[in-house]
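# Report on the structure
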Amino acid sequence: MASTTPPTAATARRTRGGARDDTRLALLFILPALIGFLVFMVWPTLRGIYLSFTKFNLLTPPQFNGLDNYIRMVQDPVFWNAMKVTLYYVILNIGIQTVLALVIAVMMQRLTQKTWLRGIVLTPYLVSNVVAAMVFLWILDYQLGIGNKLLGAIGIDQVAFLSSDTWVIPTIALINVWRHLGYTALLIFAGLQTIPNTVYEAGKIDGASEIRMFRHLTVPLLRPILSLVLIITVIGSFQVFDTVAVTTRGGPVDSSRVLQFYIYDVAFGRFQFGYASAMSVALLIVLMAITFIQYRLTRADSSDLA
Amino acid sequence: MSIILDSTPAIATPADDVSPEPQRRFGIGRGLAWAFMILVILVSLFPFYWMLRTALSSNNALYAGGDSLLPVQPSAGGFERVFGLQTGQAAIDAGGAGQEIHFWRYLFNSVVVSTLITAGQVFFSAMAAYSFARLQWKHRERVFGFFLAGLMIPSIFTLLPNFVLIKQLGLVDTLLGIALPTMFMTPFAVFFLRQFFLGISREVEEAALIDGASKTRVFFTLILPMSVAPITTLAILTYIASWNEYFWALLVSYTDKSRVLTVALGVFKSQTPQTGPDWSGLMAATLVAALPMLLLFMIFAKRIVNSIGFSGIK
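Just so it is clear, the model here is predicted, and its values are computed rather than measured.

## Some details on the overall build of chain B
Each helix and strand in chain B was counted, giving 16 helices and zero strands. Within chain B, residue pairs in contact and separated by at least 24 positions form 72% of the contacts whose partners lie at least 6 positions apart. As presented, chain B carries roughly 13600 Å² of accessible surface, and 68% of it is formed by carbon and sulfur atoms.

Shown next as structure tokens:
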């Protein structure tokens with residue numbers, strides 16, 4: 001009799017705990033994450049949308065002012081300029097970065113798959129945007145930077161990389177390419193690993209060159225992963241702030257005033273939180289639209305492997 | 001920016017280095033490809049060397065010897081200014097700012113913030129992930145879908161309202177205020193760990209339950225120890241990301257009390273004399289700010305490199 005008691009107790013506990021309902025325990029387990037999610041993600045999202053319809057300077061409570069912020073935004077030339085500058089930055093940044101990353105990823109796969117090489121290529125990603133901005137501020141200094149000294153050595157005139165309105169956005173785009181290139185290349189590299197080697201062997205038997213195989217095998221098979229990489233990097237790229245804040249602070253004039261920096265300036269320089277929130281909503285809508293369009297254009301159902 | 005991780009290679013990666021390499025023909029194409037790769041390596045690493053070279057130079061000598069590849073008039077002055085070992089007057093004479101820089105304070109702040117975020121986020125996300133992967137409850141999938149939708153909200157959008165919230169909580173200019181928003185979870189961390197927990201064999205767990213262990217016990221004594229590899233990977237990447245965070249920290253911290261290294265670096269830059277920046281001091285500070293993550297990378301290079309991949313977010 002006594003010997004049968006423990007198993008019964010255990011079974012009872014098991015039916016209580018394991019029989020298809022752990023609601024209480026589950027709630028306890030997700031509670032901290034749920035609180036964090038609701039308080040620092042859901043609530044701010046809703047509040048951000050609400051604040052965009054108010055006049056709010058942080059000190060006095062927000063006052064509802066309808067569409068005023070949005071009307072102001074549509075008429076604000078600085079906003080449209082910021083949008084244009086940001087778009088220009090994203091196109092340069094993503095265009096250059098994706099092409100280079102694709103080439104590097106293919107080379108890492110076809111030349112050598114050693115981990116040390118991937119480690120070196122990834123190193124810039126380990127430092128902050130601030131560090132990257134700082135070191136290039138020095139390298140590209142007009143008078144003293146090694147960048148201009150090197151250009152001088154091959155007979156090119158000094159370039160005012162970060163202080164001319166023509167060069168400032170391309171320069172900032174390239175600084176961020178430097179930091180993110182290795183990371184993007186490794187993402188694409190991981191995608192390449194999913195293409196079976198037999199495909200290349202078959203290509204080789206047919207007498208295809210490396211370049212032909214790249215165009216007719218690698219690119220089509222990689223399309224779903226490339227589209228995912230693009231969605232992630234484009235969203236990241238639109239949020240450019242750190243580099244601008246450290247190097248140019250929007251200048252010269254407004255030529256590097258990207259949207260995120262303008263929002264920061266309006267919110268913390270002029271304490272117009274309502275207007276800054278409206279511009280954040282605009283950015284959010286742009287990001288969602290772009291994600292949607294990209295997803296549509298590069299529909300992942302084109303996976304030629306499956 | 002979000003990170004994509006792949007849990008599988010983090011556990012075992014022997015296949016990576018021994019996989020047969022494609023044919024070794026030494027054609028012009030291969031030569032060009034290698035030349036390109038060497039260029040990529042140089043461009044990736046040169047800025048790090050240049051930081052070191054400049055940091056070890058004397059600031060006033062940089063004007064004359066700008067194109068020397070070695071340090072000009074080697075001096076540890078830049079580092080001395082960063083660590084506050086130089087007197088104000090000596091710093092000004094060397095072309096630096098006279099104010100004191102509380103480097104150790106910023107380092108301490110960065111460590112505290114990154115540790116709080118990493119420990120909290122990984123642990124709480126693991127608990128939530130276990131609940132989504134293994135516990136049976138109503139609306140589980142719906143709540144999980146809700147969490148996943150959070151992946152689509154760009155962090156930039158929540159920053160302003162979160163600042164308002166942190167201000168109302170009276171946490172502006174505190175380390176907790178910087179850490180709090182990401183201390184509980186990120187949708188990505190929950191998703192990543194859930195995928196991994198789903199892959200753990202149910203049999204071990206069932207056996208423990210039959211032996212009378214509670215589900216809480218199973219989580220702490222079975223699931224967590226069995227997931228050391230992906231949890232470490234996630235923790236390292238979270239640590240690096242929070243260490244490098246600039247925008248949010250810039251909003252929340254005003255004084256030395258809560259200033260982290262990235263923000264301090266920006267402040268240090270704006271303090272340098274207008275006559276001509278203290279480049280050797282700035283580069284010393286930059287290098288010192290980057291160093292902890294570079295060391296972390298050296299220790300965990302293989303794990304970090306192999307962890308970047310796809311875990312089937314589609």
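Next comes the rest of the description.
## Remarks on the nonpolar core
One finds Leu122(A) and Phe197(B) to be the most contacted residues of the largest nonpolar core, which totals 202 residues. Not counting chain neighbours up to four residues away, the residues in contact with Phe197(B) comprise Ala126(B), Ala129(B), Tyr130(B), Ala133(B), Arg134(B), Phe219(B), Ile223(B) and Ser227(B).

## A look at the interface of chain A and chain B
Across the contact, 106 residues belong to chain A and 99 residues belong to chain B. In total, about 9500 Å² of surface goes out of reach between chain A and chain B, with carbon and sulfur atoms giving 76% of it. By the criterion of area lost to chain B, the three top residues of chain A are Phe29(A), Phe40(A) and Trp138(A), representing 9% of everything that side buries. Put simply, chain A and chain B have one salt bridge between them. One salt bridge connects Asp22(A) with Lys215(B), and the closest N-O pair in it is separated by 3.3 Å. Along the contact surface separating chain A from chain B lie eleven residue pairs in polar contact (both at pLDDT 80 or more). Examining the composition of the side of chain A that touches chain B, we find that 23 residues originate from one element, helix α2 (residues 23-51) of chain A, more than from any other. Of the residues belonging to the side of chain A that touches chain B, the class tally is 68 nonpolar, 23 polar and 15 charged.

## As for the confidence of the model for chain A
Residues and elements named next belong to chain A. For chain A, mean pLDDT is 85; residues scoring 70 or higher make up 91% of the total. Per-residue pLDDT, averaged within each element of chain A, yields its smallest value for helix α1 (residues 5-18) (44) and its largest for helix α3 (residues 68-75) (94). Counting interchain partners and residues more than four positions distant, the pLDDT-below-50 stretch residues 1-18 has eleven contacts.

## Describing the environment of Leu186(A)
Among the structural elements, Leu186(A) can be located in helix α8 (residues 168-192). Look at Leu186(A) and you get buried, because its relative accessible area is 1%. Taking the C-alpha atoms as reference, Leu186(A) lies 8.6 Å from Val121(A); in sequence the two are 65 residues apart. If we skip the residues at most four places from it in the chain, Leu186(A) touches Met108(A), Arg118(A), Leu122(A), Val305(B) and Ile308(B).

## A look at the packing of aromatic side chains
All chains considered together, the criterion is met by 35 aromatic pairs over all chains. Between Phe188(B) and Phe192(B), the aromatic rings sit 6.0 Å apart at their centres with planes inclined by 15 degrees, giving stacked as the arrangement. On the criterion of helical spacing, the pair formed by Phe188(B) and Phe192(B) is a turn pair, its members being four residues apart in helix α10 (residues 187-198). The structure contains a cluster of three or more aromatic residues connected by ring pairs, namely Phe56(A), Phe241(A), Phe261(A), Tyr264(A), Phe268(A), Phe273(A), Phe163(B), Tyr246(B) and Phe247(B). A cation sits over an aromatic face here: Arg179(A) above Tyr125(A), 5.1 Å from the ring centre. Here Arg194(B) stacks its cationic end above the ring of Phe144(B), 3.9 Å away from the centre of that ring.

## Considerations on helix α3 (residues 28-55) of chain B
Compared with the 40 Å implied by 1.5 Å per residue over 28 residues, the 40 Å span of α3(B) between its first and last C-alpha is a close match. Of all bends in α3(B), the biggest is about 35 degrees, found at Leu45(B), and the proline Pro47(B) comes one to four residues later.

## Quick look at unusual backbone geometry
Not every positive phi belongs to a glycine, and Val253(A) is a case in point at roughly 50 degrees. Position of Val253(A) among the secondary structure elements: in the loop between α11 (242-247) and α12 (259-269). With relative accessibility at 75%, the residue Val253(A) sits in the exposed group. Phi is positive for Asp173(B), which is not a glycine, with a value near 65 degrees. Inspection of the secondary structure assignment puts Asp173(B) in the loop between α8 (155-168) and α9 (175-183). Exposure remark for Asp173(B): the relative accessible area of 10% places this residue in the buried category.

## With respect to the packing of α2(A) against helix α6 (residues 103-133) of chain B
The contact between α2(A) and α6(B) brings their axes to 8 Å, and the two run at 140 degrees. With respect to their mutual orientation, α2(A) and α6(B) come out oblique. Judged by the sense of rotation from one axis to the other, the crossing of α2(A) with α6(B) is left-handed. Side by side, α2(A) and α6(B) meet where Ala26(A), Leu28(A), Phe29(A), Ile30(A), Pro32(A) and Ala33(A) of the first sit next to Phe124(B), Met127(B), Ala128(B), Tyr130(B), Ser131(B) and Phe132(B) of the second. Of the residues belonging to the contact of α2(A) with α6(B), the class tally is eleven nonpolar, one polar and no charged.

## With respect to helix α11 (residues 202-210) of chain B
Turn by turn, an α-helix covers 3.6 residues, leaving residues three or four places apart pointing in a common direction. Residues and elements named next belong to chain B. Of all the positions in α11, only Glu205, Ala208 and Leu209 are classed as buried. Down the axis of α11, the smallest arc covering the buried residues is 100 degrees, so these residues share one side. Turned more than 90 degrees away from the buried face of α11 sit Glu203 and Ile210, all of them exposed. N-cap assignment for α11: the residue whose side-chain oxygen lies 3.2 Å from the backbone N of Glu203 is Ser201.

## Looking at the environment of Ile223(B)
Residue and element names in this part refer to chain B. Relative to the assigned elements, Ile223 resides in helix α12 (residues 215-226). Relative accessible area serves as the criterion here: at 2%, Ile223 is assigned to the buried category. A C-alpha to C-alpha distance of 47 Å links Ile223 and Arg30, two positions 193 residues apart in sequence.

Reading the values: rules and limits
- Residues numbered from 1 in each chain as written.
- Chains lettered and ligands numbered in written order.
- Predicted model: local features only at pLDDT ≥ 70, side-chain atom pairs only at ≥ 80, totals over all residues.
- Heavy atoms only, no water.
- Helix = DSSP H or I, 4+ residues; strand = E, 2+ residues; numbered from the N terminus.
- Contact = heavy atoms within 4.5 Å.
- Areas by Shrake-Rupley, 256 points an atom, 1.4 Å probe, with all protein chains shown as cover.
- Core = buried A, V, L, I, M, F, W, Y, C linked by side-chain atoms within 4.5 Å.
- Buried < 20%, exposed > 50% of the residue type's maximum accessible area, 1.4 Å probe, protein only.
- Buried area = accessible area lost by both parts, 1.4 Å probe.
- Salt bridge = Lys/Arg side-chain N within 4 Å of Asp/Glu carboxyl O.
- Polar contact = N/O pair within 3.5 Å; in protein donor to acceptor, adjacent residues only side chain to side chain.
- Nonpolar A, V, L, I, M, F, W, Y, C, P; charged D, E, K, R; others polar.
- pLDDT = per-residue confidence, 0-100.
- Phe/Tyr/Trp six-rings, centres within 6.5 Å; stacked < 30°, edge-to-face > 60°.
- Lys NZ or Arg CZ within 6 Å of the ring centre and 35° of its normal.
- Expected span 1.5 Å × (residues − 1).
- Bend = angle between axes of the 7 residues up to and from the residue.
- Axes fitted to C-alpha atoms, helices over the stretch in contact; angles between N-to-C directions.
- Parallel < 35°, antiparallel > 145°, perpendicular 65-115°, else oblique.
- Left-handed = near helix turned anticlockwise from the far one by under 90°.
- Arc of directions from axis to C-beta.

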